[in-house]
Amino acid sequence: MAFVLNINRKATTVDVPGDMPLLWVLRDVLNMKGSKYGCGVGICGSCTVLMDGHPVRSCVTPVSKATGKIVTIEGLAEDGELHPVQQAWIDLDVAQCGYCQGGQILGATALLKEHPKPTDAQIDEAMNGLLCRCGAYKRIRAAIHHVAEPQTRTEGAIHAAE
Amino acid sequence: MQLSEQLARHEAKMRALYAEFETLVRQVETFGRRSFLKLAGMTGGGLVLAFKLEAQASGAQADGAGTPDLNAFVRIAPDDTVTLFSKCPEIGQGIKTAFGLIIAEELDADWKKVKVEQAPVKPKIYGYMGAGGSTSIPRGWDQLRQAGAAARAMLVAAAAKQWNVPTSELSASASVVTHKASGRKATYGELAQAAASLPVPDVATLPLKNRADYKLIGKRYTGVDNRKIVTGQPLFGVDVELPGMLIANLVMCPAPGGKVKSANLDEIKKMPGVVDAFVLEGTDDLTEVKPCVAIVAKSTWEAFKAKAALKMEWDESNASKDSLTQLAAKAKDLARKLPAPASNIGDVDKAFASAGKVVEAEYDYAMVAHQHLEPQNATAWWHDGVMEIWSPSQGSDRGLAGVAKMLKLSEDKMIVHQTRAGGGFGRRLMNDYMFQAAAIAMKVSAPVKLQWKREDDFAQDFFRAGGFHYLKGAVGTDGKLSAIQTHSVGFSADGTHAVTGSGRSNNSFPTDMAPNTRHAITLLPLLTPCGAWRGPTDNVQWFASGSFLHELSVAAGRDHVEFLLEWVNRPRAAGPQQGQGADGRPAPAPDTSRIFNAGRATGVVKMAAEKSGWGKKLPAGSGLGISFAFGYGGHVAEAVELSVDAKKHITIHKITAVADIGPIINIGGADNQLQCGVLFALSAAMFEGIGVEQGRVQQTNFHQYPILRMRSAPPVEPYFIQSDFRPAGLGEPSVLPLAAALGNAIFAATGTRVRTMPFSRAGYSI
Ligand code: FES
Ligand code: FES
């Protein structure tokens, strides 16, 4: 079946079974590997994409329901210009293995759009569905605060002793 | 082969691997005089500094007919780009960045012009290429510094020759050689070609920098792959894409040791997108290919759908019937039936008889799973008589040799690419997915990516064994520790040796815990596969011991920090192990970095106490707990401050973590790894537990196996005490003290001791 998807500001036609999750359309059909498979049942968040600005789990979103404007981690940067959230993730060296981080960045992007200066409680709420097995939560939180208020970089003080 | 025999063989390999880690790390990999070769004229000129380990020389020569098949550590192009190669897998520990920095430091390179690439998997050239036992940094330290220093010396010599001045008048910094007297300058790129025509210096004579002179090492860097990570570029094993590639999935028996009896393959083959479905009989080795059905399809979704429709019957006559509930009951029964001690120091019975206080306690801990976020996968392509594999393994070099053996191929018919791995934690020391992908690829005339489902990762893990520690200890009337008796009830596959992660570790924990010490071990038969899980054995031993030491200090009415300091400073018999160079030359200095050091232990305990505010007054229901651990060359102390409410809900206010792992290479990376290691340990301590009944793992996905989430992640403050010891890794040391510190804090807050891990089984939540 043919579906016209709006991915990263471009209309893209794919011919796939209607029940194929968006995740596998992106990864296998369109060769966009940024969205990751982690659990396949909507509980880890590594497959997160934005649909009309809201984070959705692409592993449980059949292609037939992917009718909104989709932004994947590959499309977050526009014209080679990194999104501030991506830049913060680099500046604060958030990743350990990095596998979850595409999903984390998109989750954070949606959060910051809704709450430009999120509280810790709002971060907990918005980010709790995004599993980081490596446990990089402290820097994820710090990076979100850093985007909101670039001057308050809490993470990054070097503690060293002789 | 019987399942127990397969498991015994797997465990023997694991013991050999861990023994090799310790040997390798103590050997101190260095280069001998003739180890370096320069390869000029490659990649459009410039200097390419390649190396061979003399210990590996025969391998290198065998590969080398005519054009020596050597690998570069350092490549300097005329355009000033410096390319450095990292030989260990990047699994999130930041090794690629750290290795690059170590070379660049001695090279005096401009970090902005440095690119770090993953080295191809060529164990004959590089030696051991895996990442495990927190050994990558200590193994590579001297070798990488020498590689940088050799290249620098040649660039400086080239400038000296060009300007006709002595090298002593030249300095190098940020990829530029300067002659101060005349003001002349040349970039590395400009000098590379000339340097390539000079002889390689004897690396043993090259001075290496002192810590005080470091310009790059010790600062804060963002990871070299971060831009690719944040823009979703393909980096991981699962991201491999090849023309015409197919996707495979496997259906393996839920109980280890099961064989395929029947499967509705004909129906499956008719399903949309399915290209083929067949039985793999297996290689009689559960670390390679288990008996299974392989489904090959055009897309992952179609492979997964076919998997769901597969109807299997298993022959389970040789399969595991393990029940962890029954084994736990048995272990509890054996707790106080002490077998003949495996080791004994002093007179424990006498110490107990004359003790001021005797304390007894039973600790238990669950079996746990790895569940790194990128599920198992590998891509294999059989073409032109060559098996080409892309793997996110922690030990692709072993995988290469093993797959070659399975396919009866010579190793030079294998090409293996190391991809980035979405976590490892020890699971990826096993290469089963590499073997499986290769076995499937042999039957399919296209490249094939094997993609496990998360459910497969749960069912087919190599778990951290659960177990039981029964402890009895005594403090004298003077309040000092006088005796400890431990009885660990663990598991065995062969009846003799404990499985990985079970039993007792004498390696990282001084055997002489007290002036009078007795250790005994009881092993129960287990047919569930176990493996390395971030600090095998030590991670649970320190939970039991670190908590029990607190029980003793409480019984003695002592301050725990004071008690710990007294404990780490007890006179001990252990002597330093002399390091040795790879070519037989004595190492430059005795390598004492890997052994327990009372001074380093004292340092981290004191600093953790100070930074956590030890001794401060806390409100009722709040408590501060501290614990220390040594392992994998790292000395670490962690302190947890928390409150517990009436419903046993824990709020952690702060965790302080202090590590002495020698000099820190990338302070930003180390900070992150220490914090993340603490949270990884917190997740296991609070939530994680695997059940096994009828040989079957009871948990299938994250909904049944909770892992720490953002809401429960407390602030962690990392600190380092830097020293001139050879650097140790941090992946494992960071994890070790946390569980005991958490339990000690709960005791301080509530007066209740938690002796069960995960703590959720004792009713606690976070
Ligand atoms: S893969 Fe979609 S939520 Fe886990
Ligand atoms: S960085 Fe590894 S899972 Fe988040």
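Residues numbered from 1 in each chain as written. Chains lettered and ligands numbered in written order. Predicted model: local features only at pLDDT ≥ 70, side-chain atom pairs only at ≥ 80, totals over all residues. Heavy atoms only, no water.

Caption draft 1: Local environment of the overall build of chain A. If you tally the helices and strands in chain A, you get five helices and six strands. Across chain A, helices and strands are ordered from the amino to the carboxyl terminus as β-β-α-β-β-β-α-α-α-α-β. Compactness check: chain A gives a C-alpha radius of gyration of 16 Å against a globular reference of 15 Å for 162 residues, within 12% of the reference. Based on the C-alpha atoms only, the size of chain A along its principal axes is roughly 65 × 30 × 25 Å. Counting only residues that meet the buried cut, chain A has 58% of its 162 residues in that class. (Helix = DSSP H or I, 4+ residues; strand = E, 2+ residues; numbered from the N terminus. Rg over C-alpha atoms; globule rule 2.2 N^0.38 Å. Buried < 20%, exposed > 50% of the residue type's maximum accessible area, 1.4 Å probe, protein only.)

Caption draft 2: Inspection of the pattern of salt bridges at higher detail. Residues and elements named next belong to chain B. All told, the structure shown has 43 salt bridges over all chains when counted by the stated rule. Notably, a salt bridge pairs K113 with D80, separated by 3.5 Å at the nearest N-O pair. Taken together, the residues span a long stretch of sequence, with K113 in the loop between α3 (95-107) and β5 (114-118) and D80 in the loop between β3 (71-76) and β4 (82-86) at a distance of 33 residues. Residue D80 is classed as buried on the basis of its relative accessible area, which comes to 9%. Overlapping salt bridges bring together E105, D108, R152, K209 and K215 as one network. (Salt bridge = Lys/Arg side-chain N within 4 Å of Asp/Glu carboxyl O.)

Caption draft 3: View of the nonpolar core. Membership of the largest hydrophobic core comes to 189 residues, with the highest contact counts inside it found for W89 of chain A together with F628, L642 and L742 of chain B. It is helix α18 (residues 667-686) of chain B that contributes the most residues to this core, twelve residues altogether. Within the second largest apolar cluster, 45 residues are counted, among which are L107, Y188, Y214 and Y221 of chain B. (Core = buried A, V, L, I, M, F, W, Y, C linked by side-chain atoms within 4.5 Å.)

Caption draft 4: Layout of the environment of W390 of chain B. Residues and elements named next belong to chain B. Among the structural elements, W390 can be located in strand β17 (residues 386-391). Judged by relative accessible area, which is 13%, W390 ranks as buried. Separated by 57 residues in the primary sequence, W390 and P447 have C-alpha atoms spaced 11 Å apart. Other than its neighbours up to four places away in sequence, W390 contacts V240, L242, A378, T379, W381, H417 and T419. (Contact = heavy atoms within 4.5 Å.)

Caption draft 5: Main features of the domain arrangement of chain B. Residues and elements named next belong to chain B. Segmenting chain B into domains produces domain 1 (31-230), domain 2 (237-318 + 376-451) and domain 3 (324-369 + 463-576 + 596-762). If you average the C-alpha positions of domain 2 and of domain 3, the two centres end up 38 Å apart. Every contact between the two is made by nine residues of domain 2 and, on the other side, ten residues of domain 3. For the domain 2 and domain 3 pair, buried surface summed over both sides reaches about 710 Å², with 62% attributable to carbon and sulfur atoms. If you sort the residues of domain 2 by the area they bury against domain 3, P254, P256 and F425 come out on top, with a joint share of 59%. At the junction of domain 2 and domain 3, the tally comes to one salt bridge. As a salt-bridge pair, E316 and R696 come within 2.6 Å of each other at their nearest N and O atoms. For the interface between domain 2 and domain 3, the tally reads two residue pairs in polar contact (both at pLDDT 80 or more). (Domains from an automatic or database assignment. Buried area = accessible area lost by both parts, 1.4 Å probe. Polar contact = N/O pair within 3.5 Å; in protein donor to acceptor, adjacent residues only side chain to side chain.)

Caption draft 6: Focus on helix α17 (residues 598-612) of chain B. Residues and elements named next belong to chain B. In this model, α17 (15 residues) spans 21 Å end to end at C-alpha, consistent with the 21 Å of a helix rising 1.5 Å per residue. Buried residues of α17: R600, A601, T602, V604, V605, M607, A608, A609 and S612, and no others. N-capping of α17 is provided by N597, with a side-chain oxygen placed 2.8 Å from the backbone N of G599. Once α17 ends, the next one or two residues include G613, with phi positive near 75 degrees. (Expected span 1.5 Å × (residues − 1).)

Caption draft 7: The arrangement of the sheet that holds strand β11 (residues 274-280) of chain B in detail. All names here are of chain B. In space, the seven strands of this open sheet follow the order β11-β12-β9-β19-β16-β17-β18, with mixed pairing throughout. Lying at the two open borders of the sheet, with one neighbouring strand each, are β11 and β18 (414-418). Sheet twist, expressed as the average angle between the axes of neighbouring strands with direction ignored, equals 20 degrees. Both β11 and strand β12 (residues 292-297) contribute to a ladder of six bridges, which runs antiparallel. Bridge assignment links V274 to a residue of β12, and that residue is A297. (Pairing = 2+ DSSP bridges. Axes fitted to C-alpha atoms, helices over the stretch in contact; angles between N-to-C directions.)

Caption draft 8: View of unusual backbone geometry. Residues and elements named next belong to chain B. The step from M757 to P758 runs through a cis peptide bond, and the omega angle for that step is 5 degrees. With respect to the helices, strands and loops of the structure, P758 is situated in the segment after β29 (756-757). With a phi angle near 65 degrees, S175 is a residue other than glycine that sits in the positive phi range. Backbone geometry at T537 places phi at a positive 70 degrees, although glycine is not the residue there. In this fold, T537 is placed in the loop between β22 (516-525) and α15 (538-555). Owing to a relative accessible area of 9%, T537 belongs among the buried residues under this scheme.

Caption draft 9: Spotlight on the interface of chain B and chain A. Listed by partner, the interface residues are 74 residues for chain B and 61 residues for chain A. At the boundary of chain B with chain A, total buried surface from both sides reaches about 5500 Å², with 55% on carbon and sulfur atoms. Summed over the shared surface of chain B and chain A, the result is six salt bridges. Residues R711 of chain B and E125 of chain A are paired through a salt bridge, measuring 3.6 Å at the closest nitrogen-oxygen approach. Scanning the region where chain B abuts chain A turns up 29 residue pairs in polar contact (both at pLDDT 80 or more). Counting only elements with at least two residues in the side of chain B that touches chain A, the list comes to α7 (226-230), α9 (300-309), β19 (448-451), α14 (454-459), α18 and β28 (716-721) of chain B. Considering each element in turn, the side of chain B that touches chain A owes the most residues, eleven residues, to α18 of chain B. Split by residue class, the side of chain B that touches chain A holds 33 nonpolar, 23 polar and 18 charged. (Nonpolar A, V, L, I, M, F, W, Y, C, P; charged D, E, K, R; others polar.)

Caption draft 10: Looking closely at the sheet that holds strand β8 (residues 184-187) of chain B. Residue and element names in this part refer to chain B. Reading across from one edge, β6-β7-β8 is the order of the three strands in this open sheet, with antiparallel pairing throughout. Pairing within the sheet leaves two strands with one partner each, and these edge strands are β6 (170-173) and β8. For this sheet, the mean inter-axis angle between neighbouring strands, taken without regard to orientation, is 20 degrees. The pairing of strand β7 (residues 176-179) with β8 spans four bridges and is classified as antiparallel.

Caption draft 11: Summary view of the packing of aromatic side chains. A full pass over the atoms with the stated rule returns 17 aromatic pairs over all chains. For the pair W24 of chain A and F304 of chain B, a centre-to-centre distance of 5.6 Å together with 80 degrees between the ring planes defines the contact as edge-to-face. Placement of the pair is W24 of chain A in helix α1 (residues 22-29) and F304 of chain B in helix α9, with the two residues belonging to separate chains. Looking at W24 of chain A, the relative accessible area reads 3%, which means it is buried. (Phe/Tyr/Trp six-rings, centres within 6.5 Å; stacked < 30°, edge-to-face > 60°.)

Caption draft 12: Molecular detail of the domain arrangement of chain A. Residue and element names in this part refer to chain A. One can read the domain layout of chain A as domain 1 (2-74) and domain 2 (84-160). Just the C-alpha atoms count here: the centres of domain 1 and domain 2 sit 23 Å apart. At the interface, 15 residues of domain 1 touch eleven residues of domain 2. Surface buried jointly by domain 1 and domain 2 totals about 1000 Å² across both partners, of which 66% is contributed by carbon and sulfur atoms. Counting the surface domain 1 buries against domain 2, the share from its top three residues, C44, L50 and I73, is 41%. Here domain 1 is connected to domain 2 by zero salt bridges. On inspection of domain 1 and its partner domain 2, the count reaches two residue pairs in polar contact (both at pLDDT 80 or more). At the level of elements, β3 (48-51) and β4 (54-57) are the ones that each hand at least two residues to the side of domain 1 that touches domain 2. With three residues, β3 is the single largest residue contributor to the side of domain 1 that touches domain 2. Here the side of domain 1 that touches domain 2 is built from residues that sort into eight nonpolar, five polar and two charged.

Caption draft 13: Expanded view of the environment of A556 of chain B. Residue and element names in this part refer to chain B. Within the element layout of this structure, A556 appears in the loop between α15 and α16 (560-568). On the basis of relative accessible area, A556 is assigned to the partly exposed category, the value being 24%. Placed 80 residues apart in sequence, A556 and G476 show a C-alpha to C-alpha distance of 8.4 Å.

Caption draft 14: View of the side chain of K307 of chain B. All names here are of chain B. Relative to the helices and strands, K307 resides in helix α9. Overall, K307 belongs to the buried group, its relative accessible area being 16%. Side-chain polar atoms of K307 contact the side chain of N249, separated by 2.8 Å. The residues contacting K307, other than those within four sequence positions of it, are N249, L250, V251, I295, K453 and D456.

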